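So you can see what is in the structure, the chains are spelled out below.
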Number of protein chains: 2
Amino acid sequence: MTPATIPQGFRDTNRIFEEEVVGKGDFGALAQVYTANATILPPGAEMITGIDSIEKFWMQAAVALGVTSLRLHSLSIEVLGDTAYEIGRADINRAQADPLIVKYVVIWKQEGGSWKWHVDIWNPVS
Amino acid sequence: MTPATIPQGFRDTNRIFEEEVVGKGDFGALAQVYTANATILPPGAEMITGIDSIEKFWMQAAVALGVTSLRLHSLSIEVLGDTAYEIGRADINRAQADPLIVKYVVIWKQEGGSWKWHVDIWNPVS
């Protein structure tokens, strides 16, 4: 599935991450983005499982990186029943530092009627 | 699916990467590991699509990193028809440098009767 045809359910979740979590600093909204037992695999750290630990990670990372805004770009999504996988790219703006560009793979799961991130791994483009 | 129950087809492909590609330096064997139009997302570089470009990447990376041996450890695999996704960890030994530990997510596809890596992204643990 190409960017023009990404279903709305995926777009909605990504917008929550961009606007509520990063834009407004509402880290509680991460429970609408990640599944309850999601796993993230951040560069330079061990993997982290569970929404509570993921909230702590993002609160610390947002402060440490000085993130001011972030945009997600879905490059492709393949849906396989109640699971999907996405390849994408994120542009991250930071206070007093150059923007970061990262690429990512997200495994999505349906949970409570919404598409959410279940496995999330990323790394920098340069 | 936990490590003890990873199906043999996945193990076989990972052994080809460990023993033929890295162990013997047979980069042509990558065609038995990756699908023809696979995508890799290496840290610090743009994503790369297509088996020929992936072969070139691994030849250069193996030399640049001085890789002497590598072991893949599947931590979990979920099979969804002819697709699967794996979370794993790799221990990489290098000539005249400390070992590297990376974690990875691989999207697998069945191609020509074998399970192969279709999307491959990784980053370092530290």
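Here, the structure is the one placed above.
Residues numbered from 1 in each chain as written. Chains lettered and ligands numbered in written order. Predicted model: local features only at pLDDT ≥ 70, side-chain atom pairs only at ≥ 80, totals over all residues. Heavy atoms only, no water.

**Details of the interface of chain B and chain A**
Facing the 28 residues of chain B at the interface are 28 residues of chain A. Taken over both partners, the interface formed by chain B and chain A buries close to 2200 Å², and the fraction arising from carbon and sulfur atoms is 68%. The largest per-residue losses of area from chain B upon contact with chain A belong to B:Tyr85, B:Lys103 and B:Ile121, which jointly make up 21% of the total buried on that side. Connecting chain B to chain A are 4 salt bridges. For the salt bridge of A:Glu46 with B:Arg89, the shortest nitrogen-to-oxygen distance reads 3.3 Å. Counting across the interface, chain B meets chain A through 16 residue pairs in polar contact (both at pLDDT 80 or more). Contributing elements (two or more residues each) for the side of chain B that touches chain A: strand S3 (67-80), strand S4 (83-94), strand S5 (97-111) and strand S6 (114-124) of chain B. For the side of chain B that touches chain A, the element with the most residues is S6(B), which contributes 6 residues. (Contact = heavy atoms within 4.5 Å. Buried area = accessible area lost by both parts, 1.4 Å probe. Salt bridge = Lys/Arg side-chain N within 4 Å of Asp/Glu carboxyl O. Polar contact = N/O pair within 3.5 Å; in protein donor to acceptor, adjacent residues only side chain to side chain. Helix = DSSP H or I, 4+ residues; strand = E, 2+ residues; numbered from the N terminus.)

**Re the relation of the copies chain B and chain A**
At an RMSD of 0.0 Å, chain B and chain A line up after a rotation of 180 degrees and a shift of 0.0 Å along the axis. Both copies of the chain, as the preceding transformation shows, are related through a two-fold rotation axis. Within chain B, the C-alpha atom positioned nearest to the axis of rotation is that of B:Asn123, 3.1 Å from it. A shared binding surface is used by both copies, with 100% of the interface residues of chain B retained as interface residues in chain A. (Least-squares fit on C-alpha atoms with pLDDT ≥ 70 in both.)

**Observations concerning the pattern of salt bridges**
It is possible for side chains bearing opposite charge to pair when their charged atoms get close. Within this structure, the stated rule accounts for 12 salt bridges over all chains. The closest approach of N and O atoms between B:Glu78 and A:Lys109, which form a salt bridge, is 2.7 Å. Taken together, the positions of B:Glu78 in strand S3 and A:Lys109 in strand S5 (residues 97-111) put the pair across two chains. Here B:Glu18 makes a salt bridge to B:Arg15, at a shortest N to O gap of 2.5 Å. Placement of both B:Glu18 and B:Arg15 in helix H1 (residues 8-23) is noted, with a separation of 3 residues, approximately one turn of the helix. Via salt bridges that share partners, A:Arg15, A:Glu18 and A:Arg71 belong to a single interconnected network.

**Remarks on the pairing of strand S6 (residues 114-124) of chain A**
All names here are of chain A. With 9 of its 11 residues buried, S6 lies for the most part within the structure. Pairing analysis gives 4 bridges linking strand S1 (residues 34-41) to S6, with the strands arranged parallel. Across the sheet, the residue bridging to Ile40 is Asp120, located in S6. The pairing of S5 with S6 spans 10 bridges and is antiparallel. Paired with Val105 across the two strands is Ile121, which belongs to S6. The turn linking S5 back onto S6 is made up of 2 residues, and Gly112 within it adopts a positive phi angle of 60 degrees. (Buried < 20%, exposed > 50% of the residue type's maximum accessible area, 1.4 Å probe, protein only. Pairing = 2+ DSSP bridges.)

**Quick notes on empty space enclosed by the protein**
For the structure shown, the criterion picks out 1 cavity of 30 Å³ or more. Approximately 30 Å³ is the volume attributed to the largest cavity. The wall of the largest cavity is formed by A:Leu80, A:Thr83, A:Ala84, A:Tyr85, A:Ile107, B:Leu80, B:Thr83, B:Ala84, B:Tyr85 and B:Ile107. When contributions to the lining of the largest cavity are tallied by element, the ones reaching two or more residues are strand S4 (83-94) of chain A together with S4 of chain B. For the lining of the largest cavity, the per-class residue count stands at 8 nonpolar, 2 polar and no charged. (1 Å grid on protein atoms, 1.4 Å probe; cavity = no way out; pocket = protein on both sides within 12 Å on 5 of 7 lines; lining within 4 Å. Points joined across faces, edges and corners; volume = space filled by probe spheres on them. Nonpolar A, V, L, I, M, F, W, Y, C, P; charged D, E, K, R; others polar.)

**So, unusual backbone geometry**
Residues and elements named next belong to chain A. Its identity is not glycine, yet Gln96 carries a phi of approximately 55 degrees, on the positive side. Secondary-structure assignment places Gln96 in the loop between S4 and S5. For Gln96, a relative accessible area of 86% corresponds to the exposed category.

**Digging into the packing of aromatic side chains**
Scanning the entire structure with this criterion turns up 18 aromatic pairs over all chains. Taken together, A:Phe10, A:Phe17, A:Tyr34, A:Phe57, A:Trp58, A:Trp108, A:Trp115, A:Trp117 and A:Trp122 form an aromatic cluster joined through their ring pairs. (Phe/Tyr/Trp six-rings, centres within 6.5 Å; stacked < 30°, edge-to-face > 60°.)

**Description of the sheet that holds S6(A)**
By way of backbone hydrogen bonds, the strands of a sheet pair with one another, either parallel or antiparallel. All names here are of chain A. With respect to topology, 6 strands assemble into an open sheet ordered S2-S1-S6-S5-S4-S3, the strand pairing being mixed. Here the strands that pair on one side only, and so sit at the sheet edges, are strand S2 (48-49) and strand S3 (67-80). Here helix H1 (residues 8-23) sits on the sheet and contacts S3, S4, S5 and S6; the angle it forms with S3, its principal contact strand, is near 165 degrees. Relative to S1, helix H2 (residues 51-65) is tilted by about 50 degrees, and along the sheet it contacts S1, S2, S3, S4, S5 and S6. (Axes fitted to C-alpha atoms, helices over the stretch in contact; angles between N-to-C directions.)

So far we have only geometry, and geometry alone does not tell us how the molecule works.
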